[in-house]
Amino acid sequence: MTTATDIMNAVDALFDDQVAALSELTAHASTRGQEQSAQAFMARQYADHGLSTDHWRIELERIRNLPGFSPVIGDYEDAQNVVATHQSRSTKGRSLILNGHIDVVPAGPEDFWTTPPFQPRIDDGWLYGRGAGDMKAGLAANLYALKALRHLGLQPAATVHLQSVVEEECTGNGALACLERGYRADAALIPEPFAETLVSAQVGVLWFQVRLAGLPTHVAYAAEGANAIEAAQPVFESLHRLESRWNQPRHRSPDFAHHDHALNLNIGRIEGGDWTSSVPAWCVFEVRMGLFPGQSLDDAREEIAAAVAEGAQASAFLRDNPPRITWHGFAAEGYALSQDRSATAMAAIGALETAHQTVAGGPLERKPITATTDARFFGIYGQTPALVYGPKAENIHGFDERVDLDSMRCVTQATALFIADWCGLESA
Ligand code: ZN
């Protein structure tokens, strides 16, 4: 009879290997469009474990009309997903998807990192590197949970899909492509780095680009021109006023009722002008805005367009030459696991609670998050409860990103116990 202690010990036995695999994976600079070598690494890891692997290029035509699709600029020539499948001999238990994203956000100016972002190092129980926490430690935990069971001569007694997807950080179209390809299960687990809490709800996200026109003149005659860069400031202010309105208590969804500022608007990129002594003829900036679960994307777009138009009123030139808004990148609805009252969701949450309690010695905390994850594809479009539960990490999207290795160990142990309970076990 295999006990929980046996399973936790098996994770311990393989942990040095797991850290080495995480380190190697983190060394792949898998920013958008550059994920191929990291995906090849994942495919090799899955194949080495004896899983059948499906490694394919995302085709836009197959997903662009599906609910949950986010518009993109350019093609998906380089966008590859990897899904490995464990096929059990018996089907005693329930099937499972263990999902993670391989894409990482840019490192930013490298001078601000203590050591280079794609040369991982371990210091005092933390592994440093861009993507180490968000979320390559999760990808490693998913695989090593299965490896720990194999170490004991066991395997899940139900189908398990391990997914390594692209595009999580900008559209979610990688997870959507898995859904389109037919991957389904009774539950999904996504070890995003939220410090071993269960994510009860996540916000939605809209990305958009605003293009402002100006009237170029020599700066000597600036009064005759219109400065497209300076005209952006009142538009920013108008958008932030919209942000304040959306965050007011009466707009909040139940999971965020006590959160003063769950929805954040970020002016994330800006470009404009051609010459220092020319009044700039153009300015383009890109914005990320959060939404509550249940908030309609169409209504949100309408309100955003109105806020941009209002901000443009400050400039006489823009009144006659209105800003142009392009919607590309995230068109992500919010998702609340807490609102899923199905028996399957209750059972999955219960199983994770037990697994976490066994490893951590305390109850599983539930928390809403002010970011989005791929959970929405399973939860909203796949009718599959999606549990977001992963290790503790710091400075994700910042400098010196790092993941707590001991926390990765606990999450791997909890995942292995969760699999044992949810899928059942059979001999390998
Ligand atoms: Zn992430």
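**Remarks on the overall build of the protein**
For step 1, the next point in the chain: A count of helical and extended segments in the protein gives twelve helices and 20 strands.
For step 2, the next point in the chain: Computed over C-alpha atoms, the radius of gyration of the protein comes to 23 Å, within 12% of the 22 Å expected from 2.2 N^0.38 for 428 residues, which places it in the range of a compact globule.
For step 3, the next point in the chain: Considering only C-alpha atoms, the protein reaches an extent of 85 × 45 × 40 Å along its principal axes.
For step 4, the next point in the chain: For the protein, buried positions account for 56% of its 428 residues.
For step 5, the next point in the chain: Within the protein, contacts between residues at least 6 apart in sequence are counted, and of these 83% link residues at least 24 apart.

**Some thoughts on the domain arrangement of the protein**
When the parts of a complex come together, some accessible area is lost, and that lost area is often taken as the interface size.
For step 1, the next point in the chain: The domains assigned to the protein are domain 1 (4-201 + 335-427) and domain 2 (204-332).
For step 2, the next point in the chain: Computed from C-alpha coordinates alone, the two centres of domain 1 and domain 2 are separated by 34 Å.
For step 3, the next point in the chain: Taken together, the contacts link 22 residues of domain 1 with 14 residues of domain 2.
For step 4, the next point in the chain: The contact between domain 1 and domain 2 buries some 1400 Å² in all, and 60% of this surface belongs to carbon and sulfur atoms.
For step 5, the next point in the chain: Between domain 1 and domain 2 we count zero salt bridges in total.

**Focus: the packing of helix α2 (residues 15-26) against helix α12 (residues 405-422)**
For step 1, the next point in the chain: Running from N to C, α2 and α12 cross one another at 115°; their axes reach a closest spacing of 11 Å. With respect to α12, the axis of α2 lies roughly perpendicular. Along this stretch, α2 crosses α12, giving a crossing that reads as right-handed. The segment α2 lies against α12, with Phe-15, Gln-18, Val-19 and Leu-22 engaging Leu-405, Met-408, Arg-409 and Thr-412.

**With respect to helix α10 (residues 343-360)**
For step 1, the next point in the chain: Taking 1.5 Å of rise per residue, 18 residues should cover 26 Å, and α10 covers 25 Å from first to last C-alpha, within 8% of that figure.
For step 2, the next point in the chain: All of the buried residues in α10 are Ala-345, Ala-348, Ile-349, Ala-351, Leu-352, Ala-355, His-356 and Val-359. Here the buried residues of α10 occupy an arc of 160° about the axis, which is enough to place them on one side.
For step 3, the next point in the chain: On the buried face of α10, the contacting elements are α1 (4-13), β8 (187-190), β9 (198-202), β16 (366-369), β17 (386-388) and α12.

**Notes on the coordination of the zinc ion**
Six octahedral donors at a metal ideally form angles of 90 or 180 degrees, and four tetrahedral donors ideally form angles of 109.5 degrees.
For step 1, the next point in the chain: Around the zinc ion, the protein supplies His-101 (NE2), Asp-134 (OD), Glu-192 (OE) and Glu-192 (OE) as donor atoms, at distances of 1.9 to 2.8 Å.
For step 2, the next point in the chain: Seen from the zinc ion, its four donor atoms lie at angles of 51 to 149°, and the figure they make is irregular.
For step 3, the next point in the chain: Each donor residue of the zinc ion lies on the same chain, and together they follow the pattern H-x32-D-x57-E. Remark: Glu-192 occurs in the loop between β8 and β9 and His-101 occurs in strand β3 (residues 96-101); sequence separation between them is 91 residues.
For step 4, the next point in the chain: In this structure Glu-192 comes out as buried when scored by relative accessible area, which is 3%.

**Re the environment of Phe-317**
For step 1, the next point in the chain: Structurally, Phe-317 is set in helix α9 (residues 316-320).
For step 2, the next point in the chain: With 104 residues separating them along the chain, Phe-317 and Ala-213 place their C-alpha atoms 8.3 Å apart.
For step 3, the next point in the chain: What Phe-317 contacts, discounting residues up to four positions off in sequence, is Ala-213, Gly-214, Leu-215 and Ala-226.

**Overview of the packing of aromatic side chains**
For step 1, the next point in the chain: Taken as a whole, this structure holds eight aromatic pairs when the rule is applied.
For step 2, the next point in the chain: Look at Phe-377 and Tyr-381: their rings are 5.8 Å apart centre to centre, the planes differ by 50°, and that puts the pair in the tilted class. With Phe-377 and Tyr-381 both in helix α11 (residues 375-381) and four residues apart, this pair spans about one turn of that helix. With respect to burial, Phe-377 and Tyr-381 carry one shared label: buried.
For step 3, the next point in the chain: Consider the rings of Phe-418 and Trp-422, whose centres lie 5.9 Å apart with planes at 10°: the pair is stacked.

Reading the values: rules and limits
Residues numbered from 1 in each chain as written. Predicted model: local features only at pLDDT ≥ 70, side-chain atom pairs only at ≥ 80, totals over all residues. Heavy atoms only, no water. Helix = DSSP H or I, 4+ residues; strand = E, 2+ residues; numbered from the N terminus. Rg over C-alpha atoms; globule rule 2.2 N^0.38 Å. Buried < 20%, exposed > 50% of the residue type's maximum accessible area, 1.4 Å probe, protein only. Contact = heavy atoms within 4.5 Å. Domains from an automatic or database assignment. Buried area = accessible area lost by both parts, 1.4 Å probe. Salt bridge = Lys/Arg side-chain N within 4 Å of Asp/Glu carboxyl O. Axes fitted to C-alpha atoms, helices over the stretch in contact; angles between N-to-C directions. Parallel < 35°, antiparallel > 145°, perpendicular 65-115°, else oblique. Left-handed = near helix turned anticlockwise from the far one by under 90°. Expected span 1.5 Å × (residues − 1). Arc of directions from axis to C-beta. Donors = N, O, S within 2.8 Å, 3.2 Å for Na, K, Ca; no water. Tetrahedral: all angles 85-135°; square planar, octahedral: opposite > 155°, others 65-115°. Phe/Tyr/Trp six-rings, centres within 6.5 Å; stacked < 30°, edge-to-face > 60°.

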